[in-house]
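Fold and contact review
Now for the letters of each chain:
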Amino acid sequence: MLAAPSASAPSYGKVIELQENTDNYSVNDQMDVLADEEGRLTFADVQTAAVAERFQPAEGKSAFGLTAGTYWVRTSVVNHTSRDQWVIRVNNSVIEQFSLYVFDKHATGASQSGILEKVNEHFTSYYIHLPADVPVDIYIRCKINGSMIIPIELMDNGTFLGKLKHNYVFFGIYYGFVLMMAAYMLSMFIFNRIAVYFYYSMYILCFSISQLVWNGLLKEFLGEENRAMTFLLRVFGNYEGIDYFFFISCLWFGLLFLGQIWQLRTYAPRMFVVYRLLNIVSPLVLVASLLHWPGYATMAILYESLFALLLVVSTVWCIWRGNLAARYVILAAIPFLGFAAPTILNTYSLMQESFLTHYGFQIGSIAEYVMFAIALSYQLRQARMDKERALRQNELNEQRHQTRNELLQNISHDIRSPLAVVQGGIRAILHGIEIEPEAKARFLNTLYDKVLYINKFIDDLFELSSLERSPPEIATLETIPFADWIRREFESSSATIRMADLHEQASVLVDSATMVSIHSHEISRVLANLVHNACKFSPIGGTVRLQANSENGEVLVCVEDEGEGMAPEYLETIFNRAVMIDPASKLSGSGIGLAIAKEIVERHKGSIWAESQPGQGSRFCFKLPANVPRPDSDRIYTQNR
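On a predicted model such as this, the values are computed, not experimentally measured, just so you know.

Attention now goes to the overall build of the chain. Across its full length, the chain carries 17 helices and 20 strands. Looking at the chain as a whole, 49% of its 641 residues qualify as buried. Of the contacts made within the chain by residues no fewer than 6 positions apart, 78% connect residues no fewer than 24 positions apart.

A word on the nonpolar core. Grouped together as the largest cluster of nonpolar side chains are 80 residues, with contacts concentrated most on Y200, I204, W262 and Y369. The element that contributes the greatest number of residues to this core is helix α7 (residues 239–262), accounting for 16 residues. Excluding residues within four positions of it along the chain, Y369 makes contact with Y174, F177, V178, M181, Y200, Y203, I204 and F207. In terms of nonpolar packing, the next biggest core, distinct from the first, is built from 41 residues, I497, V555, L594 and A597 among them.

It is worth spelling out a nonpolar patch on the surface at this point. A contiguous nonpolar surface patch, about 400 Å² in accessible area, is contributed by V287, L290, L291, W293 and M299. Element by element, the count of residues in the nonpolar patch is highest for helix α9 (residues 269–291), at 3 residues. As for its position among the elements, M299 is in helix α10 (residues 296–320). Take M299: its relative accessible area is 30%, and that puts it in the partly exposed class.

Turning to the sheet that holds strand β12 (residues 152–156), a few remarks are in order. Paired through their backbone hydrogen bonds, the strands of a sheet run either parallel or antiparallel. The strand order across the open sheet formed by 5 strands is β3-β12-β7-β10-β9, and the pairing between neighbours is antiparallel. Across the chains shown, the open sheet's two edge strands, defined by having one partner strand only, are β3 (24–26) and β9 (117–118). Summarising the sheet, β3 and β12 pair through 3 bridges and their orientation is antiparallel. Opposite S26, over in β12, you have E153 as the bridge partner. Here helix α3 (residues 157–192) sits on the sheet and contacts β3, β7 (85–90), β10 (124–129) and β12; the angle it forms with β12, its principal contact strand, is near 115°.

Before going further, it helps to spend a moment on the environment of L356. Residue placement: L356 occurs in helix α12 (residues 355–398). Separated by 13 residues in sequence, L356 and T343 place their C-alpha atoms 7.0 Å apart.

What follows concerns the pattern of salt bridges. Using the criterion set out here, one finds 15 salt bridges in the structure. Between E522 and R603 there is a salt bridge, with its nearest N and O atoms 3.5 Å apart. Here E522, found in helix α16 (residues 520–537), pairs with R603, found in helix α17 (residues 592–603); they are 81 residues apart in sequence, far enough to count as distant. Its salt-bridge partner being K623, residue E554 comes within 3.6 Å of it at the nearest N-O pair. Taken together, the residues span a long stretch of sequence, with E554 in strand β17 (residues 554–560) and K623 in strand β19 (residues 618–625) at a distance of 69 residues. Residue classification places E554 among the partly exposed positions, given a relative accessible area of 32%. The network of salt bridges with shared partners includes E20, D23, R83 and D156.

A separate point is the environment of D561. Tracing the backbone shows D561 in the loop between β17 and α17. Classification of D561 as buried rests on a relative accessible area of 6%. A sequence separation of 59 residues divides D561 from F620, and the C-alpha atoms of the two residues are 8.9 Å apart. Those residues in contact with D561 that lie beyond four places of it in its chain are A534, S538, T543, G617 and S618. A polar atom in the side chain of D561 sits 2.9 Å from the backbone nitrogen of G563.

Within the secondary structure layout, E489 lies in helix α15 (residues 482–499). Here E489 occupies a buried position and makes no salt bridge, while the nearest side chain of opposite charge, R488, is found at 6.0 Å. Apart from the residues lying within four places of it in its own chain, the contact partners of E489 are S524 and L527.

Per the counting criterion, the structure on display carries 24 aromatic pairs. Each ring, one from F43 and one from Y101, has its centre 4.1 Å from the other, and the planes form 0°; the classification is stacked. Remark: Y101 occurs in strand β8 (residues 97–103) and F43 occurs in helix α1 (residues 43–47); sequence separation between them is 58 residues. We note that F43, like Y101, is buried. Aromatic side chains F575 and F620 sit 6.2 Å apart centroid to centroid with 70° between the ring planes, which places their arrangement in the edge-to-face category. Of this pair, F575 sits in the loop between β17 and α17 while F620 sits in strand β19; the two residues are 45 residues apart in sequence, bridging distant segments of the chain. For F575, a relative accessible area of 5% gives the class buried. Ring pairing ties together the aromatic residues Y200, Y203, F207, F247 and F257, which thus form one cluster. Positioned over the ring face of F55 is R74, at 4.3 Å from the centre of the ring. Here the guanidinium or amino end of R193 rests over the ring plane of F189, the centre of that ring lying 5.9 Å away.

So, about helix α4 (residues 195–214). Along its 20 residues, α4 runs 29 Å from first to last C-alpha, staying within 8% of the 28 Å computed at 1.5 Å per residue. Two residues or fewer after α4 comes G216, characterised by a positive phi angle close to 80°.

In total, this model carries 1 disulfide according to the counting rule given. Each disulfide pairs two cysteine sulfurs, and for C558 the partner residue is C621, the sulfurs being separated by 2.2 Å. One quick way to see it: the torsion about the S-S bond of C558 and C621 is about 115°, and its sign makes the bridge right-handed. In this pair, C558 sits in strand β17 while C621 sits in strand β19, placing the two residues 63 residues apart along the sequence. The class for C558 is buried, based on a relative accessible area of 1%. Residue class for C621 comes out buried when judged on its relative accessible area of 0%.

Turning our attention to the packing of α3 against α4. Helices that pack against each other are described as a pair by the angle of their axes relative to one another and the distance between those axes. Where α3 contacts α4, the axes come no closer than 8 Å and their chain directions differ by 160°. Relative to α4, α3 is oriented roughly antiparallel. In this structure, the crossing between α3 and α4 has a hand that is left-handed. In this structure, α3 uses Y174, Y175, V178, M181, A182, M185, L186, M188 and F189 to contact α4, whose residues at the interface are A195, Y197, F198, Y200, S201, I204, L205, F207, S208, Q211 and L212. Class assignment of the residues belonging to the contact of α3 with α4 gives a composition of 17 nonpolar, 3 polar and no charged.

Reading the values: the criteria
- Residues numbered from 1 in each chain as written.
- Predicted model: local features only at pLDDT ≥ 70, side-chain atom pairs only at ≥ 80, totals over all residues.
- Heavy atoms only, no water.
- Helix = DSSP H or I, 4+ residues; strand = E, 2+ residues; numbered from the N terminus.
- Buried < 20%, exposed > 50% of the residue type's maximum accessible area, 1.4 Å probe, protein only.
- Contact = heavy atoms within 4.5 Å.
- Core = buried A, V, L, I, M, F, W, Y, C linked by side-chain atoms within 4.5 Å.
- Patch = residues over 30% accessible without salt bridge, like charges linked within 9 Å, V, L, I, M, F, W, Y side chains within 5 Å.
- Areas by Shrake-Rupley, 256 points an atom, 1.4 Å probe, with all protein chains shown as cover.
- Salt bridge = Lys/Arg side-chain N within 4 Å of Asp/Glu carboxyl O.
- Pairing = 2+ DSSP bridges.
- Axes fitted to C-alpha atoms, helices over the stretch in contact; angles between N-to-C directions.
- Polar contact = N/O pair within 3.5 Å; in protein donor to acceptor, adjacent residues only side chain to side chain.
- Lys, Arg positive; Asp, Glu negative; His and termini not counted.
- Phe/Tyr/Trp six-rings, centres within 6.5 Å; stacked < 30°, edge-to-face > 60°.
- Lys NZ or Arg CZ within 6 Å of the ring centre and 35° of its normal.
- Expected span 1.5 Å × (residues − 1).
- Disulfide = S-S within 2.5 Å.
- Parallel < 35°, antiparallel > 145°, perpendicular 65-115°, else oblique.
- Left-handed = near helix turned anticlockwise from the far one by under 90°.
- Nonpolar A, V, L, I, M, F, W, Y, C, P; charged D, E, K, R; others polar.

The structure is reproduced here in C-alpha cells:
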C-alpha cells in the first residue's frame, strides 16, 4: 500500500544522502525501527510524537528474530544526484504485508513524491521519484508470520537491472542443476526400485519448491492472480506458510533418506529412537502449517534445529561404529551446513544480511547433491558387489570341480586389485587430493599400467576359457635382471598400499647381475595377490614390508603384514582353492588368490610358503631359481622408501 501522510510528521536525524559516485545504498544503515507488538499501529499513529519517540536506530541490522510480527521502518533520503528514478527493494519474498509511504514533508501540502510503481520481480520492489536536493521521508510497514528479516536496499535503475540479471543467471544455473539431479534420482528409482532414491528425489523436489518460494520466483512466475497461486495462499495462508510446508517436507524426506544411509538399527540403536521420534513429529509440524496453529513458525524453526543436531550426532556416531557409507553424509553435510549456517543465524538475528544469508542454502545444496549422488552410487555398487559375491560363492559350491569356472574366478579375483588402484586414484582426483608435481607423473603412470594390466587379463580370458580341465602351459619365459624388475614391481605395489591407508617399507638386496627366467606378467600376479592380502588384513595405519634378496642361486621375495596372524594349522591349507580360515570374518576372502600364486610359482619351479603366529602378523614368501652372478658383481640396497 502506498500513501502520502500529513505535513505534521515529526522530523528525525537519520538521512541517506545520495551521491553521484554511489549506486547502491543499504537503508538498514540509516533507518529507525519500531516493533509493533500487537500489530495495531496505523500510519497516523507512528507520526505522533509519543510513538515517534519509540523508534530505535537499526544500526545496520536487517534481521530481528522472532521478536514481533509487525515492524515499522522510517528513514529520510536527500538526492544529490542527477538521477531522479530509484528503486527501493526489500530482499525478502515471504513478507505477508508490505506498505510503503513516501512523501516530501517540506513541500507545500506534503505532496506524494512522484508516481510509485510496483516492479514485477521476485522481491517486493518499487520505483520511486526522488527530486534533486529535496528531503524525502520514507515509512515502511512489514508484517511477517515468522522471523523478522527485512534487508532493504535503495539503488538506481541501472544497478537494479544489473542485480536482477545476475540473480536470474544464478537461479537458471541452480535450478537447471536441481532438475537434472531430481530426474537422475527418479530414473534410478524407476530402474532399481530402491526406496532411498525415491526419498532423495522427493527431498530435492520439495527443497527446490521451498527455495522457489523463498527467492520469490514462484510468485513471479505464476503471478499473484494465478489460480494455482491463489489456491496455495488459501491453503497455507501466506507465502511463508508455503515455504515452511515444503521445507519441512524436504527435511522429512531427507530424514527417511538418511535413515537408509545411517542404518541406525545396526550402528546406533539409541539414536534410532530419536530418529523414530523425529519421524513422528514431522507430520505434526506439517499439519500445524496447514491448520495455521499458533506458533507453528517457531515450531518449524525448532524442528529444523533438532534435525541439524540429529544429522551431526548420528553421522559421527555411525562412522565411529564402522558405517563407511556415513562418510559421505559428513562430506555432504560440511559444505551444506557451512553455507547454510549464515541463513540459520540470520533467522535468529545472530548474523546480518549478506549474499550467503540469502543464497547459502542453494550453494550448499549443490555440494550436498553431488556427494549424496556418490553415496547412493557407492551403496548401489556395494549391493551389487554383495550380490555378485553371493552368486559367485554359489557357483563355487555347485561347480567346485569344474576347471573352467575356477579359471574364470581367478581372472575376476586378479582384476579386482588393479581395478581398486584405478578406482582409488580416480576418487583421489575427484576429491581434489593434492599431489606433488614430481609424484604426479608417477601416480598417473601407475594408474595407466593398471589399466593395461586389466586389458591383458581380458585377452587371457579368451585363451584360458578354452582349456577346460587341462592345466595351462607356462608362457614363453624371458630372462631379465631381477634387481631392476623387482624394484619396479615394489614401486607399483606401493600405490596399492598407500591407497589402503597403510605405510610401506621396501628393501631390495639383490645382486645387480642376478638374472631370472620368468614370465614377468605371471610373477607380477603373485606379488599383487600377496600385497592385496597384506593390505586387507593390516590395520589402518599399519605397515606392509616388501623384501627381496638373492642367495645360493635363488631369489627370495617376501611380503609381511601387521594383521592378526594365523594359527600354525592353517599355514599349509591356505594355498588350497576356496579355503577360508574364518568364514564369519568380513575380511576373510575366497582363498583363490593364494591358490593362483601357488600354481604360478610351482610352474616356475619355485616354492611358496607362509609364516605366522596369532597376534603377530603374517609373512608370505616365494623363491625362484636364478642364474648365479659373477663374483665381482655390484650389490643394490634400498631401504624404507
